[in-house]
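Take a look at the letters that make up each chain.
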Amino acid sequence: MSQNRLISSKRFLPFFLTQASGAFNDNVFKNALMLMLAFTAANALPWDTDLTMNLAAGLFILPFLLFSATAGTLADAVCKTKLIRALKLLEIGLMLLAAIAFYFQQYLMLLGLLFLMGSQSAFFGPVKYAILPQLLTDKELLAGNAWVEMGTFVAILLGTITGGLLVGFADAPLWVAMVVVVFSVLGYLVSRQIPAVGQVQNSGKFRFAPWQQTKTTISISYANRTLYLSIMAISWFWFLGASYLTQFPNFAKTVLGGDNTVVTALLVAFSVGVGIGSMLCERLSGDRVELGIVPIGSVGLTVFGISLFFSSPAELPAELLNLPQFLASAFGWWVLLDLTLIGIFGGVFIVPLYALLQQRAEPQQRARVIAANNIFNALFMVVSAIAGIVFLTVLDLAIPQYFLVLAIMNAVVALYVYSQVPEFALRFVIYLLSHTMYRVNSRGLDNIPAEGAAVLVANHVSYVDAMLIAGAVRRPVRFVMEKAIYDLPVANWLFKAARTIPICSKQKSEQVYEAAFAAIKRELEQGNLVCIFPEGRLTKSGDIDSFRPGIERILAETPVPVVPMALQGLWGSFFSHHGSGAFKFKGRFWSKVKLIASAPLPAEQAGAAELEQRVRLLRGDLA
């Protein structure tokens, strides 16, 4: 489903509007309160303004540390639709109290309500992401996350700007009170249209035990290393985002020489960039959760973070610049472009990671995985504040230098994550191959079972056949590969990441031969897809060689469906044997390739001769 069709669907639009209205309302309330505390309540509280501002920031973020695990446990135990509606009702109650406190200028009460609003947001966070896999199909999941991320950042931006504008009105407390109450009511009314998703099977009963639930939730995130490192990567993005956003006011004033309109422009550039990057994800990925674009996002974050250092002016302008003067300066548009691109690549980086958490977490634990992510996000944002103090105050770096340090740190973190989870690097290589040297069109891939074990068989034309098939097939595939290719330097690291199964002839090594069949049997018993090239070697003529009987042994040991597939258009390409009979990196550099799959055959009908005939028919004359 396209992004436009998804946003207009009755399954998704009410949820999208519900979460966006909540983000908008949170930021109207928070920004209006922060500005009032800074400018109009300085003498109304028994401590200085700096303490008030830091206290307010801490009161909003603290509930995410205290209650995220409990929120995740609750969301896993009940119907998520009902929970969302209950939380939106709670928001109405809190906003009514806030309206009274704003009107009577009860700032201590507003600080308490800020903590309660943070708590309501902490409970909404896990259910917000955990409900998506129940509302959407796998093909819609990435687009759904893109809309949510875009909507969240735009809502935060609009809420922040609206809160600032309302504070400038006459009778500002009354205006703020009216807006937060109206939008909380609208959010609840829209939430009534979210489809009921029911309770996840085998979900446990809920009990309130924050400390124990926090330990359990964090241990769940540790259990799957890919999910854990994805959470760390997402949290690192929030560390970067918080670091940039926190420095915008001082960056604008002390480095760019800009006034408050320039601060707003920086915020708009970054937020709009994240929204654009989020929406680009489906364009770059199609209708699948494509991890190959995550490294692209991290590269962009580093490159344009470094560019931001160089785009910053060396000398402070003589007087504060308003937005038109800033844009007319030699550096204005460059700075805004860098921040927009940082946001764009941030969106490309973070959306597939959120979709990965939802897709791979166990349904009974999905909300707790999201809750663990929220806990680490909050911790990383706290650490970002400490890092800002250390680098800018203790080490006395200038803000552009701090941005340079962040860009370099991002590169180090990315390299660490990709070295620990090679799947990201593997998908990146596959993505580059299938979007540069090879343009792959597929047909009939819906014949591959959506779940459960199956064997894929295909003709073998080039050294990159496995990567092209892996890039086209939605599910992870375990490939059986000639050991000589499997052992190639550098490539071996990627093959291991893909859990490729090396094989050779029985004459060369009976041990390797038998180990390969044992591994194939194990993968199929675990319900995975296994792809083999029954010719046993790359074609040296472009024609399909005879299929060897190894497939029959596989099916005799583990009877599963077999999906015949054919690759067209690879003969004569850069990585084929075309021309000399030996691999010498020759042939055409650009190739249009087709991957065609037919209906699966039951194991009892899938002999080597029958499969060879079917693959030949699929391939036709287009080698």
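Note that the structure is predicted; figures quoted are calculated from it, not measured.

## Brief notes about the overall build of the protein chain
Line of reasoning, step 1. The helix and strand inventory of the protein chain stands at 23 helices and seven strands.
Line of reasoning, step 2. Taken over C-alpha atoms, the radius of gyration comes to 28 Å for the protein chain, in line with the 25 Å a tight globule of 623 residues would show.
Line of reasoning, step 3. Dimensions of the protein chain, computed from the C-alpha atoms along their principal axes, are close to 90 × 60 × 40 Å.
Line of reasoning, step 4. Of all 623 residues assigned to the protein chain, the portion counted as buried reaches 57%.
Line of reasoning, step 5. Long-range contacts, defined as pairs at least 24 residues apart, comprise 81% of the intrachain contacts of the protein chain with a sequence gap of at least 6.

## Brief notes about the pattern of salt bridges
Line of reasoning, step 1. Under the counting rule described, the total for this entry stands at 14 salt bridges.
Line of reasoning, step 2. A salt bridge links Lys-139 to Asp-446, with the shortest nitrogen-to-oxygen separation between them at 3.9 Å. Placement of Lys-139 in helix H7 (residues 138–167) and of Asp-446 in the loop between strand S1 (438–443) and strand S2 (454–457) is noted, with a sequence separation of 307 residues between them.
Line of reasoning, step 3. Looking at Asp-446, the relative accessible area reads 69%, which means it is exposed.
Line of reasoning, step 4. With a shortest N-O distance of 3.0 Å, Glu-523 and Arg-499 are connected by a salt bridge. Placement of Glu-523 in helix H21 (residues 510–525) and of Arg-499 in the loop between helix H20 (491–497) and strand S4 (501–503) is noted, with a sequence separation of 24 residues between them.
Line of reasoning, step 5. Taking the relative accessible area as the measure of exposure, Glu-523 reaches 7% and is therefore buried.

## Details of the nonpolar core
Across soluble globular proteins, you tend to see nonpolar side chains buried next to one another.
Line of reasoning, step 1. Core analysis: the biggest nonpolar cluster contains 101 residues, and Phe-12, Phe-15, Phe-251, Leu-256, Leu-266, Val-335 and Phe-424 have the highest contact counts within it.
Line of reasoning, step 2. Broken down by element, this core gets its largest block of residues, 17 residues, from helix H10 (residues 225–255).
Line of reasoning, step 3. Here Leu-256 is in contact with Phe-251, Val-262, Leu-266, Pro-313, Leu-316, Pro-317, Leu-321, Phe-326, Phe-331 and Val-335, once residues within four sequence places are set aside.
Line of reasoning, step 4. Listed in part, the 42 residues of the second largest apolar core include Ile-485, Leu-538, Met-565 and Val-593.

## Overview of the side chain of Asn-459
Line of reasoning, step 1. Its location among the elements puts Asn-459 in the loop between S2 and helix H18 (465–472).
Line of reasoning, step 2. Given a relative accessible area of 2%, Asn-459 falls into the buried group.
Line of reasoning, step 3. Looking at Asn-459, its side chain comes within polar contact range of the main-chain nitrogen of Leu-567, at 2.8 Å.
Line of reasoning, step 4. Not counting residues up to four positions away in its chain, the partners in contact with Asn-459 are Asp-465, Phe-533, Glu-535, Ile-544, Met-565, Ala-566, Leu-567, Val-615 and Arg-619.

## A closer look at helix H14 (residues 332–360)
Line of reasoning, step 1. Counted at 1.5 Å a residue, the expected span for H14 with its 29 residues is 42 Å, and the 43 Å between its end C-alpha atoms agrees.
Line of reasoning, step 2. Where burial is concerned, most of H14 is hidden: 23 out of the 29 residues are buried.

## A few points about the packing of aromatic side chains
Line of reasoning, step 1. Here the structure, examined in full by the defined rule, presents 28 aromatic pairs.
Line of reasoning, step 2. Relative to Phe-104, the ring of Tyr-103 lies with its centre 5.1 Å away and its plane at 90°, an arrangement referred to as edge-to-face.
Line of reasoning, step 3. Take Phe-104: its relative accessible area is 53%, and that puts it in the exposed class.
Line of reasoning, step 4. A ring pair is formed by Tyr-418 and Phe-424, whose centres lie 5.8 Å apart and whose planes are at 50°; its orientation type is tilted. By the burial criterion, Tyr-418 is buried, and Phe-424 matches it.
Line of reasoning, step 5. An aromatic cluster is defined as three or more aromatic residues linked by ring pairs; in this entry it consists of Tyr-244, Phe-248, Phe-251, Phe-270 and Phe-403.
Line of reasoning, step 6. Looking at Lys-30, its charged tip hangs above the ring of Phe-60, at a distance of 4.4 Å from the centre.
Line of reasoning, step 7. A cation sits over an aromatic face here: Arg-553 above Phe-517, 4.1 Å from the ring centre.

## Quick word on unusual backbone geometry
Line of reasoning, step 1. Although it is not a glycine, Gln-105 adopts a positive phi angle of roughly 55°.
Line of reasoning, step 2. Along the chain, the position of Gln-105 falls in the loop between helix H4 (80–103) and helix H5 (107–130).
Line of reasoning, step 3. For Gln-105, a relative accessible area of 45% gives the class partly exposed.
Line of reasoning, step 4. Backbone geometry places Asp-171, a non-glycine residue, at a positive phi of 55°.
Line of reasoning, step 5. Within the element layout of this structure, Asp-171 appears in the loop between H7 and helix H8 (172–191).
Line of reasoning, step 6. On the basis of relative accessibility, which here comes to 57%, the residue Asp-171 falls in the exposed class.

## As for the confidence of the model for the protein chain
Line of reasoning, step 1. Looking at the protein chain as a whole, the pLDDT averages 85, with 93% of positions reaching at least 70.
Line of reasoning, step 2. Considering each helix and strand of the protein chain separately, the mean pLDDT is smallest for helix H1 (residues 3–7), with a value of 75, and largest for S2, with 94.

## Brief notes about the sheet that holds strand S7 (residues 591–597)
Line of reasoning, step 1. The seven strands lie next to each other as S1-S7-S6-S2-S5-S3-S4, forming an open sheet whose pairing is mixed. Every interior strand has two partners, whereas the edge strands, S1 and S4, have only one. Between one strand axis and the next, the sheet turns through 25° on average, direction left out of account.
Line of reasoning, step 2. For strand S3 (residues 477–482) and strand S5 (residues 529–532), the ladder comprises three bridges, and the chain directions are parallel. Looking across to S5, one finds that Phe-479 is bridged to Cys-531.

## As for the pairing of S3
Line of reasoning, step 1. Of all six residues in S3, five are buried; the element is thus mostly enclosed.
Line of reasoning, step 2. Relative to S4, S3 runs parallel, the two sharing three bridges. Paired with Glu-482 across the two strands is Ile-503, which belongs to S4.

## Some words on the packing of H14 against helix H15 (residues 366–394)
Line of reasoning, step 1. Close contact between H14 and H15 brings their axes to 8 Å; oriented N to C, the two are set at 145°. Note on packing geometry: the crossing formed by H14 with H15 is right-handed. Between H14 and H15, the contacting residues are Tyr-354, Leu-357 and Gln-358 on the first element and Arg-366, Val-369, Ile-370, Asn-373 and Asn-377 on the second.

## Some details on the environment of Gly-550
Line of reasoning, step 1. Its place among the elements puts Gly-550 in helix H22 (residues 550–557).
Line of reasoning, step 2. Spatially, the C-alpha atom of Gly-550 lies 65 Å from that of Leu-392, the residues being 158 residues apart in sequence.

Rules used throughout
Residues numbered from 1 in each chain as written. Predicted model: local features only at pLDDT ≥ 70, side-chain atom pairs only at ≥ 80, totals over all residues. Heavy atoms only, no water. Helix = DSSP H or I, 4+ residues; strand = E, 2+ residues; numbered from the N terminus. Rg over C-alpha atoms; globule rule 2.2 N^0.38 Å. Buried < 20%, exposed > 50% of the residue type's maximum accessible area, 1.4 Å probe, protein only. Contact = heavy atoms within 4.5 Å. Salt bridge = Lys/Arg side-chain N within 4 Å of Asp/Glu carboxyl O. Core = buried A, V, L, I, M, F, W, Y, C linked by side-chain atoms within 4.5 Å. Polar contact = N/O pair within 3.5 Å; in protein donor to acceptor, adjacent residues only side chain to side chain. Expected span 1.5 Å × (residues − 1). Phe/Tyr/Trp six-rings, centres within 6.5 Å; stacked < 30°, edge-to-face > 60°. Lys NZ or Arg CZ within 6 Å of the ring centre and 35° of its normal. pLDDT = per-residue confidence, 0-100. Pairing = 2+ DSSP bridges. Axes fitted to C-alpha atoms, helices over the stretch in contact; angles between N-to-C directions. Left-handed = near helix turned anticlockwise from the far one by under 90°.

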